[in-house]
Amino acid sequence: MIEIRKWLTALAVCVACGWLCAAHAQPGYETERGIVYREGAAVDAYQEAMCQLDVYYPLDAGDAGFTTVVWLHAGGLKRGSRYVPGELRGEGVAVVAVGYRLSPEAKAPAYIEDAAAATAWVFENIERYGGDPDRVVIAGASAGGYLAAMVGLDRRWLAAHEIDADRLMGIASLSGQSITHVAVREERGIPRDRPVIDDLAPVFHVRADAPQMLLTTGDRDLELLGRYEESAYFARMMRVAGHERTELYELEGYGHEAGLEKAGHALLLRFLERVRDKRDDGGGG
(Lines give C-alpha, C1' and ligand atoms only; values in the text may rest on other atoms or scores of the structure.)
Protein backbone atom coordinates (compact mmCIF):
# COMPACT_ATOMS: atom_id res chain seq x y z
CA MET A 1 0.00 0.00 0.00
CA ILE A 2 1.05 3.60 -0.55
CA GLU A 3 1.92 5.16 2.79
CA ILE A 4 1.44 8.92 3.27
CA ARG A 5 2.72 9.96 6.69
CA LYS A 6 3.39 13.24 8.44
CA TRP A 7 6.33 13.27 10.83
CA LEU A 8 5.28 15.69 13.54
CA THR A 9 8.63 16.84 14.91
CA ALA A 10 12.27 16.95 13.96
CA LEU A 11 12.94 15.13 17.22
CA ALA A 12 11.27 11.99 15.92
CA VAL A 13 13.60 11.96 12.95
CA CYS A 14 16.69 12.63 15.04
CA VAL A 15 15.81 9.88 17.49
CA ALA A 16 15.26 7.46 14.61
CA CYS A 17 18.60 8.40 13.09
CA GLY A 18 20.40 8.03 16.42
CA TRP A 19 18.89 4.59 16.99
CA LEU A 20 19.85 3.42 13.53
CA CYS A 21 23.41 4.67 13.93
CA ALA A 22 23.76 2.87 17.26
CA ALA A 23 22.26 -0.31 15.90
CA HIS A 24 24.23 -0.57 12.66
CA ALA A 25 27.47 1.39 12.97
CA GLN A 26 30.46 -0.70 11.93
CA PRO A 27 34.17 0.16 11.90
CA GLY A 28 36.33 -0.25 8.84
CA TYR A 29 35.57 1.71 5.69
CA GLU A 30 37.55 2.72 2.66
CA THR A 31 36.97 5.47 0.10
CA GLU A 32 38.18 5.37 -3.49
CA ARG A 33 37.89 8.81 -5.04
CA GLY A 34 37.80 10.41 -8.45
CA ILE A 35 36.80 7.43 -10.58
CA VAL A 36 35.89 8.54 -14.11
CA TYR A 37 32.76 6.65 -15.11
CA ARG A 38 32.35 7.99 -18.66
CA GLU A 39 35.24 7.48 -21.03
CA GLY A 40 35.84 7.28 -24.75
CA ALA A 41 36.48 9.46 -27.79
CA ALA A 42 33.13 11.24 -27.47
CA VAL A 43 33.83 12.43 -23.89
CA ASP A 44 35.07 16.03 -23.75
CA ALA A 45 37.17 17.67 -21.02
CA TYR A 46 34.14 19.12 -19.20
CA GLN A 47 32.37 15.78 -19.14
CA GLU A 48 35.47 13.96 -17.91
CA ALA A 49 35.93 16.53 -15.12
CA MET A 50 32.31 16.33 -13.96
CA CYS A 51 31.57 12.64 -14.50
CA GLN A 52 33.50 11.23 -11.58
CA LEU A 53 32.41 9.26 -8.55
CA ASP A 54 33.66 8.26 -5.12
CA VAL A 55 33.08 4.79 -3.65
CA TYR A 56 32.71 4.66 0.15
CA TYR A 57 32.45 1.02 1.18
CA PRO A 58 32.75 -1.28 4.23
CA LEU A 59 35.85 -3.45 4.35
CA ASP A 60 33.91 -6.36 5.82
CA ALA A 61 31.28 -7.15 3.23
CA GLY A 62 29.97 -10.28 4.93
CA ASP A 63 28.91 -13.40 3.10
CA ALA A 64 25.97 -11.82 1.28
CA GLY A 65 27.65 -8.65 0.02
CA PHE A 66 26.64 -5.15 1.09
CA THR A 67 23.88 -2.88 -0.17
CA THR A 68 25.00 0.11 -2.25
CA VAL A 69 23.36 3.53 -2.43
CA VAL A 70 23.99 5.47 -5.63
CA TRP A 71 23.85 9.02 -4.21
CA LEU A 72 23.04 11.99 -6.47
CA HIS A 73 23.65 15.44 -5.01
CA ALA A 74 21.32 18.43 -4.76
CA GLY A 75 21.83 21.83 -6.39
CA GLY A 76 19.00 22.48 -8.80
CA LEU A 77 20.92 20.75 -11.65
CA LYS A 78 23.02 23.94 -11.76
CA ARG A 79 25.47 23.62 -8.87
CA GLY A 80 26.74 21.28 -6.18
CA SER A 81 29.25 18.45 -6.21
CA ARG A 82 29.47 14.85 -5.12
CA TYR A 83 29.64 13.94 -1.43
CA VAL A 84 28.85 11.06 0.91
CA PRO A 85 26.13 12.14 3.40
CA GLY A 86 27.40 11.93 6.96
CA GLU A 87 24.25 10.18 8.16
CA LEU A 88 24.89 7.30 5.73
CA ARG A 89 28.45 6.69 6.92
CA GLY A 90 29.17 3.75 9.20
CA GLU A 91 25.84 2.06 8.50
CA GLY A 92 27.07 -1.11 6.83
CA VAL A 93 26.22 0.08 3.32
CA ALA A 94 28.33 1.45 0.51
CA VAL A 95 27.65 4.92 -0.87
CA VAL A 96 28.69 5.84 -4.40
CA ALA A 97 28.72 9.64 -4.58
CA VAL A 98 28.15 10.78 -8.14
CA GLY A 99 29.15 13.97 -9.91
CA TYR A 100 27.35 14.89 -13.13
CA ARG A 101 27.23 17.65 -15.72
CA LEU A 102 25.31 20.78 -14.80
CA SER A 103 23.00 23.24 -16.53
CA PRO A 104 23.44 25.55 -18.40
CA GLU A 105 26.85 24.20 -19.48
CA ALA A 106 25.07 20.95 -20.25
CA LYS A 107 21.48 20.66 -21.45
CA ALA A 108 18.81 18.05 -20.79
CA PRO A 109 19.01 15.11 -20.86
CA ALA A 110 22.81 15.16 -20.30
CA TYR A 111 22.59 15.00 -16.50
CA ILE A 112 20.07 12.15 -16.65
CA GLU A 113 22.39 10.27 -19.00
CA ASP A 114 25.25 10.82 -16.54
CA ALA A 115 23.21 9.54 -13.58
CA ALA A 116 22.32 6.42 -15.57
CA ALA A 117 25.94 5.88 -16.66
CA ALA A 118 27.14 6.11 -13.06
CA THR A 119 24.45 3.65 -11.95
CA ALA A 120 25.49 1.27 -14.71
CA TRP A 121 29.10 1.59 -13.49
CA VAL A 122 27.92 0.49 -10.03
CA PHE A 123 26.13 -2.56 -11.38
CA GLU A 124 29.21 -3.53 -13.36
CA ASN A 125 31.86 -2.83 -10.69
CA ILE A 126 30.51 -2.95 -7.14
CA GLU A 127 31.06 -6.69 -6.76
CA ARG A 128 34.82 -6.25 -6.77
CA TYR A 129 34.50 -4.03 -3.68
CA GLY A 130 32.43 -6.69 -1.91
CA GLY A 131 28.99 -5.38 -2.84
CA ASP A 132 26.00 -7.26 -4.18
CA PRO A 133 24.94 -5.90 -7.61
CA ASP A 134 21.41 -7.08 -6.84
CA ARG A 135 21.28 -4.74 -3.82
CA VAL A 136 21.58 -1.34 -5.46
CA VAL A 137 19.34 1.58 -4.47
CA ILE A 138 19.39 4.84 -6.42
CA ALA A 139 18.78 7.91 -4.25
CA GLY A 140 19.27 11.65 -4.11
CA ALA A 141 18.12 14.92 -2.62
CA SER A 142 16.26 17.67 -4.48
CA ALA A 143 17.75 17.69 -8.01
CA GLY A 144 19.42 14.39 -7.15
CA GLY A 145 16.06 12.98 -6.15
CA TYR A 146 14.66 14.04 -9.51
CA LEU A 147 17.52 12.24 -11.28
CA ALA A 148 17.06 9.13 -9.14
CA ALA A 149 13.36 8.95 -10.02
CA MET A 150 14.01 9.53 -13.72
CA VAL A 151 16.64 6.79 -13.96
CA GLY A 152 14.64 4.37 -11.84
CA LEU A 153 11.29 4.82 -13.60
CA ASP A 154 12.11 5.64 -17.24
CA ARG A 155 13.66 2.41 -18.47
CA ARG A 156 15.43 3.93 -21.49
CA TRP A 157 18.31 5.52 -19.56
CA LEU A 158 19.65 2.28 -18.07
CA ALA A 159 18.60 0.33 -21.16
CA ALA A 160 21.22 2.35 -23.05
CA HIS A 161 23.73 0.39 -20.92
CA GLU A 162 21.87 -2.90 -21.38
CA ILE A 163 20.58 -2.84 -17.81
CA ASP A 164 16.96 -3.33 -16.78
CA ALA A 165 15.89 -0.53 -14.42
CA ASP A 166 13.89 -3.08 -12.45
CA ARG A 167 17.14 -4.62 -11.31
CA LEU A 168 17.32 -1.70 -8.86
CA MET A 169 16.32 -2.74 -5.35
CA GLY A 170 14.75 0.64 -4.65
CA ILE A 171 14.36 4.30 -5.61
CA ALA A 172 14.52 7.15 -3.07
CA SER A 173 13.74 10.77 -3.96
CA LEU A 174 14.23 13.15 -1.02
CA SER A 175 12.29 16.31 -1.89
CA GLY A 176 12.86 15.76 -5.59
CA GLN A 177 10.75 17.28 -8.34
CA SER A 178 8.12 14.95 -9.78
CA ILE A 179 7.21 17.19 -12.69
CA THR A 180 9.68 18.32 -15.37
CA HIS A 181 12.55 19.94 -13.48
CA VAL A 182 12.65 23.73 -13.31
CA ALA A 183 16.17 23.79 -14.81
CA VAL A 184 14.91 21.86 -17.85
CA ARG A 185 12.04 24.35 -18.21
CA GLU A 186 14.44 27.28 -17.96
CA GLU A 187 16.63 25.78 -20.69
CA ARG A 188 13.52 25.83 -22.90
CA GLY A 189 12.58 29.41 -21.98
CA ILE A 190 9.58 28.33 -19.87
CA PRO A 191 8.92 30.43 -16.73
CA ARG A 192 9.82 28.82 -13.40
CA ASP A 193 6.24 29.04 -12.16
CA ARG A 194 4.72 27.22 -15.17
CA PRO A 195 4.44 23.48 -14.40
CA VAL A 196 5.16 20.99 -17.15
CA ILE A 197 4.71 17.24 -17.31
CA ASP A 198 6.37 15.59 -20.31
CA ASP A 199 8.75 12.68 -20.85
CA LEU A 200 11.37 14.38 -18.64
CA ALA A 201 9.00 14.30 -15.65
CA PRO A 202 9.22 11.31 -13.27
CA VAL A 203 5.43 11.29 -12.88
CA PHE A 204 5.12 10.76 -16.65
CA HIS A 205 6.68 7.31 -16.13
CA VAL A 206 4.52 5.88 -13.33
CA ARG A 207 4.22 2.11 -13.64
CA ALA A 208 3.06 -0.82 -11.57
CA ASP A 209 6.25 -2.86 -11.91
CA ALA A 210 8.70 -0.21 -10.69
CA PRO A 211 11.05 -0.94 -7.77
CA GLN A 212 9.97 -0.02 -4.26
CA MET A 213 10.02 3.77 -3.86
CA LEU A 214 10.50 6.33 -1.08
CA LEU A 215 9.40 9.96 -1.46
CA THR A 216 9.96 12.68 1.14
CA THR A 217 9.12 16.38 1.21
CA GLY A 218 9.27 19.20 3.69
CA ASP A 219 6.25 20.80 5.31
CA ARG A 220 3.67 21.69 2.65
CA ASP A 221 3.50 25.25 4.03
CA LEU A 222 7.29 25.72 4.06
CA GLU A 223 8.57 23.74 1.07
CA LEU A 224 9.33 25.16 -2.36
CA LEU A 225 6.09 26.07 -4.09
CA GLY A 226 4.17 22.96 -5.04
CA ARG A 227 6.83 20.44 -3.98
CA TYR A 228 4.62 18.63 -1.48
CA GLU A 229 1.59 18.70 -3.78
CA GLU A 230 3.45 17.34 -6.79
CA SER A 231 4.96 14.59 -4.62
CA ALA A 232 1.53 13.67 -3.29
CA TYR A 233 0.22 13.56 -6.86
CA PHE A 234 3.19 11.39 -7.85
CA ALA A 235 2.48 8.92 -5.05
CA ARG A 236 -1.21 8.87 -5.92
CA MET A 237 -0.57 8.25 -9.61
CA MET A 238 1.84 5.42 -8.79
CA ARG A 239 -1.04 3.81 -6.93
CA VAL A 240 -3.44 4.47 -9.82
CA ALA A 241 -0.90 2.74 -12.09
CA GLY A 242 -1.02 -0.28 -9.80
CA HIS A 243 2.21 0.29 -7.83
CA GLU A 244 1.63 -0.56 -4.15
CA ARG A 245 5.14 0.02 -2.82
CA THR A 246 5.45 3.81 -2.75
CA GLU A 247 5.92 5.60 0.57
CA LEU A 248 5.49 9.37 0.96
CA TYR A 249 6.61 11.25 4.07
CA GLU A 250 5.98 14.92 4.81
CA LEU A 251 8.46 16.28 7.37
CA GLU A 252 6.67 18.93 9.39
CA GLY A 253 8.65 22.02 10.32
CA TYR A 254 11.14 21.78 7.46
CA GLY A 255 11.41 23.96 4.40
CA HIS A 256 13.59 23.11 1.41
CA GLU A 257 16.87 23.28 3.30
CA ALA A 258 19.90 21.24 4.33
CA GLY A 259 18.14 20.08 7.49
CA LEU A 260 15.38 18.53 5.40
CA GLU A 261 17.90 16.35 3.58
CA LYS A 262 19.53 15.26 6.84
CA ALA A 263 16.15 14.35 8.32
CA GLY A 264 15.34 12.38 5.19
CA HIS A 265 18.46 10.25 5.62
CA ALA A 266 16.93 8.58 8.69
CA LEU A 267 13.96 7.56 6.57
CA LEU A 268 16.31 6.41 3.81
CA LEU A 269 18.17 4.12 6.22
CA ARG A 270 14.90 2.54 7.33
CA PHE A 271 13.86 2.19 3.69
CA LEU A 272 17.13 0.38 2.92
CA GLU A 273 16.33 -2.13 5.63
CA ARG A 274 12.83 -2.77 4.31
CA VAL A 275 13.83 -3.26 0.68
CA ARG A 276 16.77 -5.45 1.70
CA ASP A 277 14.55 -7.62 3.88
CA LYS A 278 11.99 -7.88 1.10
CA ARG A 279 14.67 -8.92 -1.37
CA ASP A 280 16.05 -11.48 1.11
CA ASP A 281 12.55 -12.90 1.57
CA GLY A 282 12.28 -13.40 -2.17
CA GLY A 283 9.78 -10.59 -2.67
CA GLY A 284 11.82 -8.70 -5.25
CA GLY A 285 12.66 -5.01 -5.22
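Everything below is about the structure shown above.
For the structure given in this document, a descriptive report is provided here. Quick caveat, the model's predicted, so the values are computed rather than measured.

## Quick word on the pattern of salt bridges
Here comes step 1: Per the stated rule, a full pass over the model turns up 20 salt bridges.
Here comes step 2: One salt bridge connects Glu113 with Arg101, and the closest N-O pair in it is separated by 3.9 Å. Here Glu113, found in helix 3 (residues 110-125), pairs with Arg101, found in the loop between strand 5 (94-98) and helix 3; they are 12 residues apart in sequence, far enough to count as distant.
Here comes step 3: One salt-bridge network, in which partners are shared between bridges, spans Arg155, Asp164, Asp166, Arg207 and Asp209.

## Considering helix 3
Here comes step 1: Taking 1.5 Å per residue as the helical rise, helix 3 with its 16 residues ought to reach 22 Å, and the 22 Å between its terminal C-alpha atoms agrees with that figure.
Here comes step 2: Summarising burial for helix 3: 14 of the 16 residues are buried, a large majority.

## Side note on the environment of Tyr129
Here comes step 1: In this structure, Tyr129 sits in the loop between helix 3 and strand 6 (131-141).
Here comes step 2: Spatially, the C-alpha atoms of Tyr129 and Tyr56 are 9.7 Å apart, while their sequence positions differ by 73 residues.
Here comes step 3: With near-sequence residues (within four places) excluded, Tyr129 lies in contact with Glu32, Ile35, Val55, Tyr57, Pro58, Phe66 and Trp121.

## Topic: the pairing of strand 9 (residues 246-251)
The side chains of a regular strand alternate, first on one face of the sheet and then on the other.
Here comes step 1: Counting buried residues in strand 9 gives six out of six residues, a clear majority hidden from the surface.
Here comes step 2: Side chains Thr246, Leu248 and Glu250 project from strand 9 onto one buried face, and the interleaved Glu247, Tyr249 and Leu251 project onto a second face that is buried too.
Here comes step 3: Judged from the six bridges that link them, strand 8 (residues 212-218) and strand 9 form a sheet pairing that is parallel. The residue of strand 9 that forms the bridge with Gly218 is Leu251.
Here comes step 4: Each parallel crossover has a hand, and for strand 8 linked through helix 7 (residues 227-240) to strand 9 it is right-handed.

Cut-offs applied
- Residues numbered from 1 in each chain as written.
- Predicted model: local features only at pLDDT ≥ 70, side-chain atom pairs only at ≥ 80, totals over all residues.
- Heavy atoms only, no water.
- Salt bridge = Lys/Arg side-chain N within 4 Å of Asp/Glu carboxyl O.
- Helix = DSSP H or I, 4+ residues; strand = E, 2+ residues; numbered from the N terminus.
- Expected span 1.5 Å × (residues − 1).
- Buried < 20%, exposed > 50% of the residue type's maximum accessible area, 1.4 Å probe, protein only.
- Contact = heavy atoms within 4.5 Å.
- Pairing = 2+ DSSP bridges.
- Right-handed = clockwise from strand over helix to strand, strands pointing away.

Everything listed is a geometric property; what it means functionally is a separate question.
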